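Letter by letter, the chains look like this.
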Amino acid sequence: MSKATLTAVFIAFLLTSSGAKPNGKNKKPKQAVPAIECDMRAGKINLSEFIVKCPANCRETKEKVYGTGVFASISSICNAAIHSGVITNSGGKVIVTKMAGQMIYKGSFANGVRSLSLPNRRESFSVSASPVTEAVETEPSSTAAPPTTTHVTTPITTAPPITTSAKPRVINHRVPEAAFARRDWPHPAYTRPDWFSGTRRPTDSSQSVPNTGSKWSRMSTGDPAALDPRPDNTEYEYQLYNFGQYSPAPEHKPPSETSSPVPEVLSQGDSNCKVDIAFLMDGSWSIGKRRFEIQKDFLVGVSQVINVGVAGPMMGIIQYGDDPVTEFSLKHFSSSIDLTPAISKIVQKGGLSNVGKALSYINKHFFSDANGNRGGAPNVAVVLVDGWPTDEVEEASRLARESGINIFFVTIEGPDENEKQNVVETNFVDKAVCRTNGFFSFPIMSWFALRKAVQPLVKRVCDTDRLVCSKTCLNANDIAFVIDGSSSVGTGNFRTVLQFVANVTQEFEISDTDTRVGIVQYTYEQRLEFAFGQYNNKADLLNAIKRINYWSGGTSTGAAITFAADQLFSKSKPNKRKIMIVITDGRSYDDVRAPALAVHRKGVIAYSIGIAWAAQDELEYIATDPDRDHSFFVDEFDNLYKYVPKIIHNICNEFNSQPRN
């Protein structure tokens, strides 16, 4: 008998034998809660309901978890409890309730545990928090009520009724006016802008920081109470979830009277916005405590509008000051509801506004597999800046962009004419953002206007076709292979051509949102072997290439180019680079110049590869200028493989030389 089976039998014995003895009048037996191993499956314990104690450090051990909320019986009890939020990775007591099997168990990611999907299973279970306390496990006093023995499968019969759902969370976030009424500063020498009016008072040099070239030179002194236009001892509320629109509530009421609790449900998110987003929030002293709170409210509004979920956008936050720190990574929260309290707990770091250092940090550390980076989702960094950075951003942002990170800047109350002399790096936004076309920059005139940027920002970061910095030469193309299937090629050589096509295809990242491949075979006629997006993973695509049958016939290359333009490139996605690779072994029976010129004018980058008897002049007509980079010739089919790295290099070199604007 295995160790796991022996353990399960022992637990079952403990649970079923823990009831009171019939003759015991004054003493209630100690209710033992057996400890289990991290990998104990629920199906191993033959009880309909029981309580067990999980040890620490169970997260994602050997046994897997299947399902969300309701789990298949072959799941680890402890990992299911961590996934549901019933316990943390430090362990604890769990109530397990068996139930009927489900038709399907949907996988998800929550609380650091990845659960898997599974089809029909005959038994399920749910987990909930145990009400058991240490007092229950000790001998009760002589006045304790006699124990109940009618439900032997429930080890704690005197516990209050339990539910299998987590406690609902209230999503109305109330900020008392006291948090907004005064701007608390870390040092009396730091001066204050009149942020209520949107203007700045003249700086009192007697109280300003000695370094006049720093960000402190744009602050002014004054009685903090005088900045507040509302009377003291009042409270103010903000509804944060009306799509980023802030509105004052008429009067203060307890949460139970002002909102309906929303049950916590694992969110799949908006699948049309599958992006991994890092928000770099400004935690410098120059922002002050009140505006820091407004910044947090803005991030809550964004998280609600963007609809965070495992199949949609995932969101992490870095706070920067003198040095950046990760408040939470991409994998920590899988719903907007969970994000809300996490954002509200962020505490201001203080320090300078070292944006360049923060951009270096996200490039080297944040977007990693260990932090939840999904690979297939574009990386986005949204930088919030109060005024201007206190270090240089150009080099750090260049390296981040070249790593595929789409950098957006939200600048609030940028420098005025008198302050521009204090800016460390002029034109810092254009030097940092992904493109200088205005799509990636949001200049906000005042902190009160920040809320208006919620929906426009969400719309832009979700526009994956325009997130060009995450596009590389390997994942941003629609590639059409136009293959000569004429009788002069022969069956054996045609298989060599297909192997060449497969070798080129192998180098690209293949999916519906990455590079797509279509193939046309031609003789006198043309045949669409498969279209863009018909095969959306590399293995299926390579198998489809292998299955193409040799046709045999004449050679009408011009007609084949026109056919590819109509059948493939007319259905190409916006912002995809359109690439055509024509492979032929002889002179065409028709004109190639006019069809080639037509596709060039439509933005198609054309490569021509000639073999044996191919005509050099036709290869040059087909190829995009300059010919030396787009036209190749080999004397026999077996030498085609030599040009695979050259073609990939040229495609990437051309992509990387594109201007940033």
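Residues numbered from 1 in each chain as written. Predicted model: local features only at pLDDT ≥ 70, side-chain atom pairs only at ≥ 80, totals over all residues. Heavy atoms only, no water.

Topic: helix H2 (residues 77–84)
Note the following rule: Relative accessibility under 20% of the residue-type maximum defines a buried residue, over 50% an exposed one, and the middle range a partly exposed one, all with a 1.4 Å probe and only protein chains included. Only DSSP runs of H or I covering at least 4 residues are called helices, and only runs of E covering at least 2 are called strands; the numbering of each starts at the N terminus.
Where burial is concerned, most of H2 is hidden: 7 out of the 8 residues are buried. Listed as buried for H2 are Ile77, Cys78, Asn79, Ala80, Ala81, Ile82 and His83. One or two positions beyond H2, positive phi appears at Gly85, with a value near 85 degrees.

Some thoughts on the sheet that holds strand E12 (residues 324–328)
Rules: The pairing criterion is simple: DSSP has to find at least two bridges between the two strands. Angles shown run from 0 to 180 degrees and are taken between the N-to-C directions of axes, each axis being a line fitted to C-alpha atoms and, for helices, limited to the stretch in contact. Contact definition: two residues touch when any of their heavy atoms are within 4.5 Å.
One open sheet accounts for 6 strands, arranged E12-E11-E10-E13-E14-E15; its pairing is mixed. Both outer strands of the open sheet, E12 and strand E15 (441–444), are each paired with one neighbouring strand and no more. Across the sheet, the mean angle separating the axes of adjacent strands is 20 degrees when strand polarity is ignored. In the sheet, strand E10 (residues 276–282) pairs with strand E11 (residues 314–320) via 7 bridges, with the strands oriented parallel. Pairing of Leu280 across the sheet is with Ile318, part of E11. Against the sheet, helix H10 (residues 454–461) makes contact with E10, strand E13 (379–386), strand E14 (405–412) and E15, and its axis sits at roughly 170 degrees relative to E15, the strand it touches most.

Notes on the nonpolar core
Going by this rule: The criterion is simple. A nonpolar core is a set of buried Ala, Val, Leu, Ile, Met, Phe, Trp, Tyr and Cys residues joined through side-chain atoms within 4.5 Å.
Residues Phe279, Leu280, Val382, Phe408 and Phe409 are the most contacted members of the largest nonpolar core, which totals 69 residues. Ranked by residues supplied to this core, first place goes to helix H5 (residues 288–306) with 7 residues. Core analysis: the next-biggest nonpolar cluster, separate from the first, contains 40 residues, Val489, Phe494, Val497 and Leu541 among them.

Concerning the packing of aromatic side chains
Given two aromatic rings, their pairing is described by the distance between the two centres and the angle made by the two planes. Put simply, the rule reads: Centres within 6.5 Å are what make two rings of Phe, Tyr or Trp a pair, Trp counting through its six-membered ring; a difference in plane orientation under 30 degrees is then read as stacked, over 60 as edge-to-face, and the rest as tilted. Over a ring means this: the NZ of a Lys or the CZ of an Arg is within 6 Å of the ring centre and within 35 degrees of the ring normal.
The full count for this structure, using the stated rule, is 12 aromatic pairs. Taken together, a centroid distance of 5.8 Å and an interplanar angle of 55 degrees make the contact between Phe532 and Phe569 tilted. With a gap of 37 residues between them, Phe532 in the loop between strand E18 (526–530) and helix H12 (538–546) and Phe569 in the loop between helix H13 (557–567) and strand E19 (577–584) connect regions that are remote in the sequence. Residue Phe532 is classed as buried on the basis of its relative accessible area of 10%. Looking at Phe569, the relative accessible area reads 9%, which means it is buried. An aromatic cluster is defined as three or more aromatic residues linked by ring pairs; in this entry it consists of Phe408, Phe439 and Phe440. Taking NZ or CZ as reference, Arg527 lies 4.7 Å from the ring centre of Trp551, over its face.

With respect to the state of the cysteines
Rules: Only a pair of cysteine sulfur atoms within 2.5 Å counts as a disulfide in this structure description.
Within this structure, the stated rule accounts for 5 disulfides. There is a disulfide in this structure between Cys273 and Cys462, and the S-S distance comes to 2.0 Å. Given an S-S torsion of about -70 degrees, the disulfide between Cys273 and Cys462 has left-handed geometry. Linking Cys273 in the loop between helix H4 (255–258) and E10 with Cys462 in the loop between H10 and strand E16 (477–484), this pair joins segments that are 189 residues apart in sequence.

Remarks on the sheet that holds strand E1 (residues 49–54)
Within a sheet, each strand pairs with its neighbour through backbone hydrogen bonds, oriented either parallel or antiparallel. Read across the sheet, 5 strands follow the order E1-E4-E9-E3-E2 without closing on themselves; strand pairing throughout is antiparallel. Edge strands, defined here as strands with exactly one partner in the open sheet, are E1 and strand E2 (67–68). Bridging between strand E3 (residues 70–72) and strand E9 (residues 123–129) involves 2 bridges; their strand directions are antiparallel. For Ala72, the partnering residue across the bridge sits in E9 and is Ser124. Along the sheet, H2 contacts E1, E2, E3, strand E4 (92–100) and E9; its crossing angle with E9, the most-contacted strand, is approximately 55 degrees.

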